[in-house]
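Coordinates in review
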Amino acid sequence: MIKITIYQNQSGKYQRFHCIGHAGFAKAGEDIVCAGISALVINTLNAIEKLTDEAFQAETDQKSGLIDVRFQKPVGHDGKLLLDALVLGLQDIQNQYGTDYSLLTFKEV
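Please read all numbers here as calculations on a predicted model, not as lab measurements. (Residues numbered from 1 in each chain as written. Predicted model: local features only at pLDDT ≥ 70, side-chain atom pairs only at ≥ 80, totals over all residues. Heavy atoms only, no water.)

For the pair helix α1 (residues 32-51) and helix α2 (residues 77-97), the least separation of the axes is 10 Å and the interaxial angle reads 175°. Here α1 lies roughly antiparallel to α2, going by the angle between them. Facing Ile 32, Val 33, Gly 36, Ile 37, Leu 40, Val 41, Thr 44, Ala 47 and Ile 48 of α1, the residues of α2 in contact are Leu 82, Leu 83, Leu 86, Gly 89, Leu 90, Ile 93 and Tyr 97. (Axes fitted to C-alpha atoms, helices over the stretch in contact; angles between N-to-C directions. Helix = DSSP H or I, 4+ residues; strand = E, 2+ residues; numbered from the N terminus. Parallel < 35°, antiparallel > 145°, perpendicular 65-115°, else oblique. Contact = heavy atoms within 4.5 Å.)

Here it is in structure tokens:
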């Protein structure tokens, strides 16, 4: 299962997101749930890096499926829009394939 946690402050501004695990929907190389989530997350990070001024640090580990992103300050308008789109895609995948393969949670920090 891929566990995705979105961290927001009391105002609802994004501060971090943490993904870990593998979906287990199908064999490696054929797992469309894992591929979909990976594409959403990686594209979002690339877009934030190229299209916004948001500063972040990312830690990754392919074996465990870790992608941990920490923003240096709560994200602004453009970063929020990109992260809202990420959340929408992740929710759609979870709704389509169920919580056996991905689990999206939100935490206030």
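With that settled, the discussion passes to α2. Taking 1.5 Å as the rise per residue, α2 with 21 residues should run 30 Å; its terminal C-alpha atoms sit 30 Å apart, in good agreement. Three or more residues of α2 are buried, namely Gly 79, Leu 83, Leu 86, Val 87, Gly 89, Leu 90, Ile 93 and Gln 94. Down the axis, α2 shows its buried residues gathered within 165° of arc, on one side only. In α2, the exposed positions that point more than 90 degrees away from the buried face belong to His 77, Leu 81, Leu 88, Asn 95 and Gln 96. Each element contacted by the buried residues of α2 is listed here: β1 (2-8), β2 (14-20), α1, β4 (66-71) and β5 (102-108). At the exit of α2 stands Gly 98, carrying a positive phi of roughly 90°. (Expected span 1.5 Å × (residues − 1). Buried < 20%, exposed > 50% of the residue type's maximum accessible area, 1.4 Å probe, protein only. Arc of directions from axis to C-beta.)

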